[in-house]
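Secondary and tertiary structure notes
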Amino acid sequence: MWWWCCFSYYSMYGHVAKLAEQIQKGAASVEGVEAKLWQVPETLTEEVLGKLGAPPKSDVPIIAPHELDEADGLIFGFPTRYGMMCAQFKAFFDSTGGLWRTQKLAGKPAGIFFSTGSQGGGQETTALTAITQLVHHGMIFVPIGYTFGAGMFEMENVKGGSPYGAGTFAGDGTRQPSELELEQAFHQGKYMAGIVKKFKGSA
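Residues numbered from 1 in each chain as written. Predicted model: local features only at pLDDT ≥ 70, side-chain atom pairs only at ≥ 80, totals over all residues. Heavy atoms only, no water.

Right, let's get into the environment of A166. By the secondary structure assignment, A166 is in the loop between β6 (140–141) and β7 (167–169). With relative accessibility at 0%, the residue A166 sits in the buried group. Remark: the alpha-carbon pair of A166 and H187, spanning 21 residues in sequence, is separated by 8.6 Å. Excluding residues that lie within four positions of it along the chain, A166 makes contacts with I112, F113, F114, I144, G161, Q184, A185 and Q188. (Helix = DSSP H or I, 4+ residues; strand = E, 2+ residues; numbered from the N terminus. Buried < 20%, exposed > 50% of the residue type's maximum accessible area, 1.4 Å probe, protein only. Contact = heavy atoms within 4.5 Å.)

Now the structure itself:
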């Protein structure tokens, strides 16, 4: 039997995309799990994106709301905007009213990962404010807790992420996810895939 996990994300400068790729690899490393990457639709025009210096989007397919229902488990990734998910991802959640009315996502395990500009920029508040979206859909929030082990206690180097999920610091946009941050993302994907198998196996 196969289970599949859907990893939906929004990434303007590529930081969240890099975490998403590692999360997918982590989930795919679990036997019997198929992991798929999707992007949520962009809401800004090409002109605005150009002025913001955003690079071209990757060829990862764009997800439609109804496709969330096909997944056995979900992880959502986004950059922060003032301690909350970016408008693009909020707009995507706002388009899932049909799924909400029928509670199609209720009972599905779901996780979160994120990128912030600074250490005080929302590595925990972004997750906390995003959980409301999961709650109204009846999804079951799956944090990573401290299952990443020693990596959670790194003090010598700057490291994003928290017990809520994997994360990275973008700084002014030039900083890229560190090896430790990428390892944590891989761990989150692998951990979530294991949770999904347990949920489906006991259903």
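Moving on from the coordinates now.
On to the UniProt feature "domain: Flavodoxin-like" (unreviewed entry) in the chain. Per the UniProt entry, the sites bearing "domain: Flavodoxin-like" (unreviewed entry) are residues 5–192 in this numbering. Strand forms 19% of residues 5–192 and helix 32%; the C-alpha atoms that close the span are 9 Å apart. (UniProt positions renumbered as here; feature names shortened; annotations may be inferred.)

To continue, consider the pairing of strand β5 (residues 109–116). Counting buried positions over the eight residues of β5 gives eight, a clear majority of the element. Burial along β5 is two-sided: the face carrying P109, G111, F113 and S115 and the face carrying A110, I112, F114 and T116 are both buried. Two strands pair when backbone bridges link them, and strand β3 (residues 73–81) and β5 are joined in this way by six bridges, in the parallel orientation. Across the sheet, the residue bridging to P79 is S115, located in β5. Here β5 pairs with β6 via two bridges, running parallel. (Pairing = 2+ DSSP bridges.)

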